[in-house]
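Here are the chains, one letter per residue:
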Amino acid sequence: KSKETLVYLACTLSLVPISTICFESMSCSEYQFNFDGETGTFETERRLRADLRIDCDDPTHQFWEWYAMAMLALYPIGVPLIGATLLWKNKTAIGAVLADLEQKKEAGVVKTKTEVPDHIDRFKSLFVYYRPSCFWWGLADILERLLLTGAYLMNLILHGLWLHGLKIIVAFLV
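Below: a short report on this structure. These numbers come from a predicted model, not from an experiment.

**What about the packing of aromatic side chains?**
Then step 1. One pass over the structure, following the stated rule, counts five aromatic pairs.
Then step 2. Both rings, one in Phe 63 and one in Tyr 67, keep their centres 6.5 Å apart while their planes meet at 20°; by these two values the pair is stacked. One end of the pair, Phe 63, and the other, Tyr 67, are both in helix α2 (residues 59–89), four residues apart, so they sit about a helical turn from each other.
Then step 3. Considering the side-chain rings of Trp 136 and Trp 137, the 4.9 Å spacing of their centres and the 25° angle between planes classify their relative orientation as stacked.
Then step 4. An aromatic cluster of three or more residues is present, and its members are Phe 63, Trp 64 and Tyr 67.
Then step 5. Residue placement shows Lys 91 over the ring face of Trp 88; its charged tip is 3.5 Å from the ring centre.

Quick look at the structure:
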């Protein structure tokens, strides 16, 4: 029971930082160098914004870019989907626990322990802080954090990096 709780907690807490790292691995900028006086043009290279030593057109980086997209599809979508599935499958038991908590609160009983069944104890952080009619708000909080991280995507698109923005959108839709 405690291992499952710790694993789900670790997944939830690491969701936004891992998503941010995946977004950053796809954020490249074009840099100009070596001006050619005859043609009046510069040579250009695409470099990773987080580490300018990395060439974005290098096959190794392109592999890691696709890997990051796959991780964006699995992790930031997978963790909330698992949470939604757990909440949906156990909504009756969750409703009973939350109704018991609300009754104790209305009766003025402070700091009492409510018995939480083992099968929902491992993910109670998703629902225990909310009213029975709003038990799914823990999941909404996770999605809100993901959307705020997704603002980084808008930064990519607004800076003319539409292809990378499109890759990220595709990764989220897959």
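**Regarding the side chain of Asn 90**
Then step 1. Along the chain, Asn 90 turns up in the loop between α2 and α3 (91–106).
Then step 2. For Asn 90, a relative accessible area of 12% translates into the label buried.
Then step 3. Setting aside chain neighbours within four positions, we find Asn 90 in contact with His 119, Ile 120 and Phe 123.

**Focus on a nonpolar patch on the surface**
Then step 1. Taken together, the side chains of Leu 6, Leu 9 and Leu 13 define a hydrophobic patch exposed on the protein surface, amounting to about 310 Å² of accessible area.
Then step 2. For Leu 13, the location among the structural elements is in helix α1 (residues 2–24).

**A word on the pairing of strand β2 (residues 41–48)**
Then step 1. Looking at chain direction, strand β1 (residues 28–36) and β2 are connected through eight bridges and run antiparallel. Of the residues in β2, the one forming a bridge with Phe 33 is Glu 43.
Then step 2. Linking two consecutive strands that pair antiparallel, namely β1 and β2, is a turn of four residues; a positive phi of about 75° is found at Gly 40 within it.

**Observations regarding the nonpolar core**
Soluble globular proteins tend to pack their nonpolar side chains together in the buried interior.
Then step 1. Core analysis: the largest hydrophobic core is formed by 19 residues, its most contacted members being Leu 87, Ile 94, Ile 120, Phe 123 and Phe 127.
Then step 2. Judged by nonpolar contacts, the second largest core, of six residues, contains Cys 22, Met 26, Ala 68 and Met 69.

**Side note on the environment of Val 16**
Then step 1. Turning to its location among the elements, Val 16 is positioned in helix α1.
Then step 2. A sequence separation of 129 residues divides Val 16 from Arg 145, and the C-alpha atoms of the two residues are 6.8 Å apart.

**Observations regarding the side chain of Arg 47**
Then step 1. Tracing the sequence through the fold places Arg 47 in strand β2.
Then step 2. A polar contact of 2.9 Å, which involves the side chain of Arg 47, links it to the backbone oxygen of Arg 53.
Then step 3. In this structure Arg 47 touches Ser 27, Cys 28, Ser 29, Tyr 31, Leu 52, Arg 53, Ile 54, Asp 55 and Cys 56, once residues within four positions along its chain are discounted.

The rules behind each value
- Residues numbered from 1 in each chain as written.
- Predicted model: local features only at pLDDT ≥ 70, side-chain atom pairs only at ≥ 80, totals over all residues.
- Heavy atoms only, no water.
- Phe/Tyr/Trp six-rings, centres within 6.5 Å; stacked < 30°, edge-to-face > 60°.
- Helix = DSSP H or I, 4+ residues; strand = E, 2+ residues; numbered from the N terminus.
- Lys NZ or Arg CZ within 6 Å of the ring centre and 35° of its normal.
- Buried < 20%, exposed > 50% of the residue type's maximum accessible area, 1.4 Å probe, protein only.
- Contact = heavy atoms within 4.5 Å.
- Patch = residues over 30% accessible without salt bridge, like charges linked within 9 Å, V, L, I, M, F, W, Y side chains within 5 Å.
- Areas by Shrake-Rupley, 256 points an atom, 1.4 Å probe, with all protein chains shown as cover.
- Salt bridge = Lys/Arg side-chain N within 4 Å of Asp/Glu carboxyl O.
- Pairing = 2+ DSSP bridges.
- Core = buried A, V, L, I, M, F, W, Y, C linked by side-chain atoms within 4.5 Å.
- Polar contact = N/O pair within 3.5 Å; in protein donor to acceptor, adjacent residues only side chain to side chain.

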